[in-house]
Amino acid sequence: MDQELLSSAAAVLKQNDRGSYTVLAGDLYPHQWLWDSCFIAIGLRHLDIERAKTELESLKRGQWSNGMLPDMIFGSKRASLDGLLWDSAISPFAPEHVTTSGITDPPMLAEAVMSVGQKLKLPERRTWYKQMLPTIIHFHQWLYRERDVRHEGLITIIHPYESGMDNSPPWIEELKDHGIPIWVKAAEKLKLGRLIKHVRRDTRHTPANQRMSNVEALAFWSALRHLQHKAYDSKKILSKPRLDLQDLAFNCILIRANACLKDIAKTAGVDLPKELLGDIKRGEEALEQLWDEPSGQYYSRSFASGELVMQPSISTFLTLYAGTIPKERAEKLVGLLSKRGAYKSIWPVPSVPANSEYFDPERYWQGPVWVNMNWLIIQGLRRYGFDKEADVLRDRTLELVAKSGYHEYFNPLDGTGLGAKNFSWTAALAIDLLKT
Ligand code: GLC
């Protein structure tokens, strides 16, 4: 099975290759996305190390002068339409020669750069790290400067898209708390669903029940317009908090990224700025503020209210990936991972537990299995010495893609493939799971 999987996964990446970057899945996602490219490079490094480097280097062209790495860089003929919608040029920090979105994405870059580096001999590794270090440092400094305005050690994200887990329950709860715009409710009441369907690109490609609802999609769009009115200026946006979360998964990924950054800097023989080292330390300590003892889980926290958003989601397991939580808590989480009626599933790991009011096995980030989440959890399990559990999850993940193909996400109850077909990160991470 391994050889067959390897060549079919490589074929998907080849088909989606656009020279210096990889699109995610042809028509539905024709641009370059930040964390997608990172996962893609982690797989590509086993096939073609130079191409993996190019994938990551191509992200540099989108970096804003304040350090932000945008979640999307537009590269196709549709670029003009998407670029117009985002209108990120209203920010003085947006790059001149390329059109991008105005928000960021989970900071997977340091992990990807390090993974590629591990495949290189020491002298080339050093050169590679020196090449990428300024981009990563600038990005992490921006995160702490602009998104940790209260110096709590936790980054706040200003739109669900920045979490990469768009409609996961904590975000929908936050949306309900901070108001769904009246016009969105009216559109739903007037049953404008069919009309909206024509405006939404995603539901033209995929059945509507597998995507976010119209209310969610319109409310998110309206939230984007709000960011645009503020010229994507984080400080202005956070001075009057609305839909903003100290997102658990994002912060876990950043904690791990900081550890990778330290490693990269050490190998390259570069000293990291003192202030950044202080931020990194504060970040590791602050994660424990998101723990809830009675339920034995970690949660995201609302920036506006300072309260934990007590809606369980797969993000709780990303604290294993962060690698800084106490061993006893890691053990509790591993117990939860195999708990019947919650996360135990024929095809693990569901993005939302079966006993959640939100659980829907087919709907996007509200139940389906995502291969990038499984990959992150596998790394986390290994970090805490749960190798047996990591091996089981790895094998089931590979069986799932062998059975159903390289879909964007999968039904955790019967393994059916959902969303886009021939999805790049599913293929890339399958390669990495086969090779490591
Ligand atoms: C969706 C996903 C996000 C991903 C993007 C491109 O928006 O929620 O995580 O980066 O698609 O694949």
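Residues numbered from 1 in each chain as written. Predicted model: local features only at pLDDT ≥ 70, side-chain atom pairs only at ≥ 80, totals over all residues. Heavy atoms only, no water.

Student: Can you walk me through the site of the ligand in this structure?
Tutor: Around the ligand, the neighbouring residues are Leu 24, Tyr 29, Trp 33, Trp 35, Asp 36, Gly 164, Asp 166, Tyr 364, Trp 365, Phe 423 and Trp 425. In this structure, an oxygen atom belonging to the ligand sits 3.4 Å away from a side-chain N or O atom of Tyr 364. Taking Trp 365, its side chain carries an N or O atom lying 2.9 Å from an oxygen atom of the ligand. Contact with the protein chains removes 94% of the 310 Å² of surface that the ligand exposes when unbound. Looking at the shell around the ligand, its residues break down into eight nonpolar, one polar and two charged. (Near = heavy atom within 4 Å. Polar contact = N/O pair within 3.5 Å; in protein donor to acceptor, adjacent residues only side chain to side chain. Areas by Shrake-Rupley, 256 points an atom, 1.4 Å probe, with all protein chains shown as cover. Nonpolar A, V, L, I, M, F, W, Y, C, P; charged D, E, K, R; others polar.)

Student: What is the right way to read helix H14 (residues 248-268) from this model?
Tutor: Every α-helix carries 3.6 residues per turn, so stepping three or four residues along brings you back to the same face. Its 21 residues place the ends of H14 30 Å apart at the C-alpha level, agreeing with the 30 Å of an ideal helix rising 1.5 Å per residue. H14 sits mainly inside the fold: 16 of its 21 residues count as buried. Where H14 begins, the capping side chain belongs to Asp 247, and its oxygen is found 3.3 Å from the backbone nitrogen of Ala 249. Taken from the residues just after H14, Gly 269 is the one with a positive phi, measuring 70°. (Helix = DSSP H or I, 4+ residues; strand = E, 2+ residues; numbered from the N terminus. Expected span 1.5 Å × (residues − 1). Buried < 20%, exposed > 50% of the residue type's maximum accessible area, 1.4 Å probe, protein only.)

Student: What is the right way to read the nonpolar core from this model?
Tutor: The nonpolar side chains of soluble globular proteins are, as a tendency, buried together. Residues Leu 56 and Met 108 are the most contacted members of the largest nonpolar core, which totals 144 residues. Looking at this core element by element, the count peaks at 13 residues for H14. Excluding residues within four positions of it along the chain, Met 108 makes contact with Trp 35, Cys 38, Phe 39, Ile 42, Ile 253, Tyr 321, Trp 375 and Leu 376. (Core = buried A, V, L, I, M, F, W, Y, C linked by side-chain atoms within 4.5 Å. Contact = heavy atoms within 4.5 Å.)

Student: Looking at this structure, I do not really get helix H17 (residues 327-337). What am I missing?
Tutor: Listed in full, the buried residues belonging to H17 are Arg 329, Ala 330, Leu 333, Val 334, Leu 336 and Leu 337. Taken end-on, H17 shows its buried residues confined to a sector of 155°, consistent with a single buried face. Residues of H17 that are buried make contact with strand E4 (291-292), strand E5 (297-298), helix H16 (318-322), helix H18 (371-383) and helix H19 (387-404). (Arc of directions from axis to C-beta.)

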